[in-house]
There are 4 protein chains.
Amino acid sequence: MVKAGIIGATGYAGGELVRLLTAHREAEIVWYGSRSYIDKKYADVYRNMFRIVDADCMDDNMEELSEQADVIFTATPQGLCASLVNEDILSKVKIIDLSADFRIKDVSVYEQWYGIRHQSPQFIQEAVYGLCEVNREEVKKARLVANPGCYTTCSILTAYPLAKEGLIDMETLIIDAKSGVSGAGRGAKVPNLYCEVNESIKAYGVASHRHTPEIEEQLGYAAGEKVVLNFTPHLVPMNRGILVTEYAKLKRETDYEEVKAIYDRYYGEETFIRVLEKGVCPETRWVEGSNYVDIGFQIDPRTGRIILMGAIDNLVKGAAGQAVQNMNLMFGLKESEGLEIVPLFP
Amino acid sequence: MVKAGIIGATGYAGGELVRLLTAHREAEIVWYGSRSYIDKKYADVYRNMFRIVDADCMDDNMEELSEQADVIFTATPQGLCASLVNEDILSKVKIIDLSADFRIKDVSVYEQWYGIRHQSPQFIQEAVYGLCEVNREEVKKARLVANPGCYTTCSILTAYPLAKEGLIDMETLIIDAKSGVSGAGRGAKVPNLYCEVNESIKAYGVASHRHTPEIEEQLGYAAGEKVVLNFTPHLVPMNRGILVTEYAKLKRETDYEEVKAIYDRYYGEETFIRVLEKGVCPETRWVEGSNYVDIGFQIDPRTGRIILMGAIDNLVKGAAGQAVQNMNLMFGLKESEGLEIVPLFP
Amino acid sequence: MVKAGIIGATGYAGGELVRLLTAHREAEIVWYGSRSYIDKKYADVYRNMFRIVDADCMDDNMEELSEQADVIFTATPQGLCASLVNEDILSKVKIIDLSADFRIKDVSVYEQWYGIRHQSPQFIQEAVYGLCEVNREEVKKARLVANPGCYTTCSILTAYPLAKEGLIDMETLIIDAKSGVSGAGRGAKVPNLYCEVNESIKAYGVASHRHTPEIEEQLGYAAGEKVVLNFTPHLVPMNRGILVTEYAKLKRETDYEEVKAIYDRYYGEETFIRVLEKGVCPETRWVEGSNYVDIGFQIDPRTGRIILMGAIDNLVKGAAGQAVQNMNLMFGLKESEGLEIVPLFP
Amino acid sequence: MVKAGIIGATGYAGGELVRLLTAHREAEIVWYGSRSYIDKKYADVYRNMFRIVDADCMDDNMEELSEQADVIFTATPQGLCASLVNEDILSKVKIIDLSADFRIKDVSVYEQWYGIRHQSPQFIQEAVYGLCEVNREEVKKARLVANPGCYTTCSILTAYPLAKEGLIDMETLIIDAKSGVSGAGRGAKVPNLYCEVNESIKAYGVASHRHTPEIEEQLGYAAGEKVVLNFTPHLVPMNRGILVTEYAKLKRETDYEEVKAIYDRYYGEETFIRVLEKGVCPETRWVEGSNYVDIGFQIDPRTGRIILMGAIDNLVKGAAGQAVQNMNLMFGLKESEGLEIVPLFP
């Protein structure tokens, strides 16, 4: 039984970790960390957990937690994990960091896009970028996993095989992404109030969103070249879900069958990636509550472009589900343990 | 392994049965009946089931199905189950009918409220009203279970202990109910279009909704008297969830502790009924995707009334979940098998 | 041209006042008060006003404002208007207070339900309860109008004719109300975040909501007796709209025609009250953006009750629209000036 | 007083025409055409119109209507207007066609993308493409106006100045569009049911949507070259609104000030186009219910692209509002008559 501690258990990603780990047969939660709700019953914060979770919220003492847990999930704002982690802790416990602290290898890129000073750059090289389908073997051996962002998971996995195969011109890649509101977190801010979000759509962070360098770095590894691209997130009035629509010029003539074969080669054996059938576009409703990534594409012979589409549940494959998938890999469990969830519809 | 057939597998309740049975460790689906989609792949109707369900949709041949299945779920409009069932079928297979055909003992009441002639009244007496928490022992022995309606499940369970204990004046009972849109089914009708439902709330079926006599009959058994009440359903712009707010005069002075003790006595051991803590009102979000019934109440000394509130997921405890709970009872399985689902939030 | 000042112009009711007054041909706004956004451009807070409103936000200096304006609207939390108003101000300017400060004649009732000390009880008697259809003549002569609450406007107008005519037993009156989220205001609070409200419904303030005594007082005047009732508000995932469903025992036998005739007698000449046709239930979508109150009813001979239903846009007839209607009356303008708005659908 | 007839008055665009024309001081509706609801009271279809519109629905007899009206709006599916119009009718009445029948000059392109045979190609050349801000003078003289599509209005106006000025490489132009559900019309189809659309986002018509050639043709005129582009529509769970996000390579170095100056030069005097301030992204909520087009942009020096964003209310500027704007121009009325509507928020 893997003993798990969560720092940031009352955010939406933290709450989703609790949901998933509660139903996980090989793990148990030993620490519900939440600085905002210390000593409050967890089930008083998330009443769906009434009679399921009996524990109180704890502070974010990673030292103490490292004594009690086998794995720590940090579902906290940028900077916290980097400020708490040290060699002593890492020698006792594995860490899966859901923040951006260890995702970007070049610390100057991190500091530039996030606008904060990195507190423990010495662990950046060691950290494994926890995109399970890409870095599975490295994850298995890792002490410290940087769990990918929600936009990035969906953006990267959707384009990865074509980038890797050199089929698309990376200079032309444009990612237009759409997210449900839970991605904005549970902070009490006017722009996230119901009436501000409902019945509207907007782009934000245009040409400046922090997930951009993470996508560029990972797709750069795949393509074997430096990638600079446009990534534009949009806020959609729904709780969960990310859809990405990606555009790129094809480097040579191709057809549906060839592209489908590439996707199948990369993802055919993957439990959580579903390459859709011809002509089917992903929709976020079909993955809700699950760890699936649904991927579809359309070649446009008129423009010589291919349009790639991917859909995930931002809180599952985009956060907590992927974190559990990483945990499973790190502890030698069945990779899909606790994640074989049928998507909830409607 | 219980072999289950579903007639009406492509409605919302049918789809939810598929979701629940797919994850059920002691049951498997052998028949996806859907007259509208015969020979179409089930996963092409509900794409959340892509790579999970590989079967095609079948017709609604209950005779043939009775040869292949141990249990048949009929998630179809009123009248269909009654028109198909016969002694031969019932001798071979158990039936859980999610329609209203066998819920009401007085056939004339059924025919009056539903406006159709009952095709097999000879089975009405035998049929067990499948409200598990109330009729558990009868369900275990039943061949034919009438699975309660969504509004009724929530309405009855919320008031049942106080009706049974004679604490409330049944002549004063008023049930004001609110439902998500999935309760209206998947038929292509203008009033259920997105733009017609979104950003609005309305009452409908005022003083005439068909769930009224079902509630009255069952609460009548509890109270030991004929019950006539007002039940007013409302349509709320959300996918899932039913909330009932019930008002009744207290027959004598009482207090929070006494009422709480009554609820705890009736429901304290129930897996799926959660009596909330003092001052907490049920919210449908806290039960979404799960089989829970959340119940709260407030005594108003100013008016001498008690206000009861109950929340369920209409597709789970209000339909498919309760049907699976009934199946578990009928086949001697653990009652909560396949239903221990943590509610999904947000 | 009536010069209007708004204190609290950046709340939702304040924003609606700006929308309505901007389109009003006989009024102009001279002061956009907003303590939270002083010196910020108003159109930077509400970008729908870009190129329509050029002004900056001002503080809430009622003294200074009374020099510049003919009428002051206070769309602020309880207590503010009462703390600012004085005889000198009232001698120079008319005040329409959208808060509860002057709605309740018995100051001890106010202080008990609102939990604050009233700062200027000397003006309570003078204040006119600005429910235009009931107190039209008094409003015309008023210096200080207490603009009714959103729930109360809808609750009272729906029941008023029957209460006044003595047709219903006031002791049995129960009001089950449902509101969109804008009624909760624009404060940054976790419970009002998109993901907390979306896909859920709940009751709140059960047996304790502050609009209760206001409804009781006004319906008490109508009925000529002390009224004590149950009022239960619910939060519905939509931006705008209030629906009330009211239940009462009929004091004697009656029928559709008689009740319809009563409503028509009271409201037949009213511009903003639409008594719906037989069998039609009000829906909030049909009044969105407008000053209408839609009213319907259903007699239930089985229970001897009548079910009354009313729908308004909480920000228009429930706040800003009624405030403008009061202004029109107070300044001798056409009562419907600036309010003849066709409801927006969908 | 301009006498207006509407064919297709019970669709969403038709309903919006009724809303706008009802409030228009220089026009009146003389014919509410709706084949589906002949002889039914219009206000029974759209109950927001209760006590506002007293007329019954009529058939779509354009001959007879041409005798009674000065202008006919056809808010009907593709093909109907082209099948009804003839020289005799056009000699008596002006026509504003909200369908695609006369938008595309090359009849073979129309027939290819729409898959139907054009019934009156002889009027295509005469028809004026009713994008008021671009073709104002032609519209004034037109007998037959092809009212632009909703996606196209937003897509074209957002890019028009930069295409015209040759600042962007048209071969790189990609339009990623997002629409509310009212754009899908009021037909009773399963994919448009509340539960199918709610809590989800999807792309559709990828590389094949019918608005593509219309956008290409119009931007081709602006750019003075043949334009072939990618246009990808998405369905967003909200009633109204279209947001377009457009990506293009800049043909030369430029900066914010220069681009802003270009937009201001083209649109600075336009009543209905609002070029937003630096760094502000359009959001559909800020234009709801109004005829505004909100436009913003962001230059990305990293990629050499410019990201353009535009937002409209699809039923107003994207359909009925623009149609009324065209009517105003055609009849010599003030262009903004009946359209000076403050956007409704929230």
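Residues numbered from 1 in each chain as written. Chains lettered and ligands numbered in written order. Predicted model: local features only at pLDDT ≥ 70, side-chain atom pairs only at ≥ 80, totals over all residues. Heavy atoms only, no water.

The name given to chain A in an unreviewed UniProt entry is N-acetyl-gamma-glutamyl-phosphate reductase, and the organism recorded there is Schaedlerella arabinosiphila. UniProt, in its Sequence similarities (unreviewed entry) section for chain A, records the words "Belongs to the NAGSA dehydrogenase family. Type 1 subfamily." The heading Function (unreviewed entry) in the UniProt record of chain A holds the text "Catalyzes the NADPH-dependent reduction of N-acetyl-5-glutamyl phosphate to yield N-acetyl-L-glutamate 5-semialdehyde." (UniProt positions renumbered as here; feature names shortened; annotations may be inferred.)

S.K.: Please give an account of the overall build of chain A that cites residues and values.
M.R.: When helices and strands are counted, chain A shows 12 helices and 13 strands. In terms of overall dimensions, chain A is globule-like: its C-alpha atoms have a radius of gyration of 19 Å, near the 20 Å expected for 346 residues. The principal-axis extents of the C-alpha atoms in chain A amount to approximately 60 × 45 × 40 Å. For chain A, the proportion of contacts with a sequence separation of at least 24, taken over those separated by at least 6, is 71%. Element-wise, carbon and sulfur atoms account for 46% of the exposed surface of chain A, whose accessible area totals about 10,900 Å². (Helix = DSSP H or I, 4+ residues; strand = E, 2+ residues; numbered from the N terminus. Rg over C-alpha atoms; globule rule 2.2 N^0.38 Å. Contact = heavy atoms within 4.5 Å. Areas by Shrake-Rupley, 256 points an atom, 1.4 Å probe, with all protein chains shown as cover.)

S.K.: If you had to explain the interface of chain A and chain D to someone new, which residues and values would you point to?
M.R.: Tallying the contact residues gives 47 residues for chain A and 47 residues for chain D. Its largest share of buried area at the contact with chain D, chain A owes to Glu199, Ile201 and Arg302 of chain A, together 17% of the area lost on that side. Taken together, the connections running from chain A to chain D amount to six salt bridges. In this structure, arginine 285 of chain A and glutamate 196 of chain D form a salt bridge, with 2.7 Å as the shortest nitrogen-oxygen distance. (Buried area = accessible area lost by both parts, 1.4 Å probe. Salt bridge = Lys/Arg side-chain N within 4 Å of Asp/Glu carboxyl O.)

S.K.: How would you sum up the pattern of salt bridges? Please name residues and give values.
M.R.: Two side chains carrying opposite charge are able to pair once their charged atoms lie near each other. The final tally for this structure, using the stated rule, is 116 salt bridges over all chains. Residue arginine 252 of chain C is joined to glutamate 258 of chain C by a salt bridge in which the shortest nitrogen-to-oxygen separation is 2.6 Å. A relative accessible area of 42% means that arginine 252 of chain C is categorised as partly exposed. Classification of glutamate 258 of chain C as partly exposed rests on a relative accessible area of 27%. Within this structure, Glu16, Arg19, Arg240 and Asp313 of chain A form a network of salt bridges that share partners. (Buried < 20%, exposed > 50% of the residue type's maximum accessible area, 1.4 Å probe, protein only.)

S.K.: Tell me about the relation of the copies chain A and chain D, and please be specific about residues and values.
M.R.: Overlaying chain A on chain D yields an RMSD of 0.0 Å, the required transformation being a rotation through 180 degrees with an accompanying axial translation of 0.0 Å. Between the two chains, the operation in question is that of a two-fold axis. Residue by residue, 100% of the interface of chain A is reproduced at the interface of chain D, so both copies engage with the same surface. (Least-squares fit on C-alpha atoms with pLDDT ≥ 70 in both.)

S.K.: Give me the lowdown on the sheet that holds strand β9 (residues 230–235) of chain C, citing residues and values where you can.
M.R.: Residues and elements named next belong to chain C. If you walk across this open sheet you meet the seven strands as β8-β9-β7-β10-β13-β12-β11, and the pairing is mixed. Unpaired on one side and paired on the other, β8 (202–203) and β11 (273–275) mark the two borders of the sheet. Pairing between strand β7 (residues 174–179) and strand β10 (residues 242–249): six bridges, direction antiparallel. What sits directly across from lysine 178, in β10, is leucine 243. (Pairing = 2+ DSSP bridges.)

S.K.: Any chance you could break down the UniProt feature "domain: Semialdehyde dehydrogenase NAD-binding" (unreviewed entry) in chain A for me, citing the residues and the numbers?
M.R.: Sites flagged by UniProt as "domain: Semialdehyde dehydrogenase NAD-binding" (unreviewed entry) map to residues 3–142 of chain A. In residues 3–142 of chain A, the share of helix is 36% and the share of strand is 16%. The end C-alpha atoms are 17 Å apart.

S.K.: Which residues make up the sheet that holds strand β3 (residues 71–74) of chain C, and what are the values?
M.R.: Sheet architecture is open: six strands sit in the order β2-β1-β3-β4-β6-β5 (chain C), paired in parallel fashion. Strands with a single pairing partner mark the edges of an open sheet, and in this sheet they are β2 (27–33) and β5 (128–129) of chain C.

S.K.: Before we move on, can you summarise the relation of the copies chain B and chain A with the specific residues and values?
M.R.: After a rotation of 180 degrees and a shift along the axis of 0.0 Å, chain B superposes on chain A with an RMSD of 0.0 Å. When you check the interface residues of chain B against chain A, 100% turn up at the interface there too, and the contact is symmetric in its surfaces.

S.K.: Tell me about a negative patch on the surface, residues and numbers included.
M.R.: Residue and element names in this part refer to chain A. A cluster of acidic side chains, namely Asp39, Asp56, Asp59 and Glu64, defines a negative patch on the protein surface. Locating aspartate 56 in the fold gives a position in the loop between α2 (42–45) and α3 (62–68). Since its relative accessible area comes to 36%, aspartate 56 is described here as partly exposed. (Patch = residues over 30% accessible without salt bridge, like charges linked within 9 Å, V, L, I, M, F, W, Y side chains within 5 Å. Lys, Arg positive; Asp, Glu negative; His and termini not counted. Charge placed at Lys NZ, Arg CZ, Asp CG, Glu CD.)

S.K.: Give me unusual backbone geometry: which residues, what numbers.
M.R.: Residues and elements named next belong to chain A. Each neighbour pair has its own omega, and for phenylalanine 345 with proline 346 the value is -5 degrees, a cis peptide bond. Along the polypeptide, proline 346 turns up in the segment after α12 (316–330). The backbone phi angle of arginine 51 is positive, close to 65 degrees, even though this residue is not glycine. Note that arginine 51 resides in the loop between α2 and α3. The class of arginine 51 is partly exposed, set by a relative accessible area of 43%. The phi dihedral of glutamate 199 is positive, around 55 degrees, even though this residue is not glycine. Position of glutamate 199 relative to the elements: it lies in the loop between α9 (194–197) and β8 (202–203).

S.K.: Lay out the UniProt feature "active site" (unreviewed entry) in chain A with the relevant residues and their values.
M.R.: Residue and element names in this part refer to chain A. Under the present numbering, the feature "active site" (unreviewed entry) in UniProt falls on Cys150. Examined against the element boundaries, cysteine 150 turns out to sit in helix α8 (residues 150–164). In contact with cysteine 150, other than residues within four places in its own chain, are His211, Ile242, Ile312, Asn314 and Gly318.

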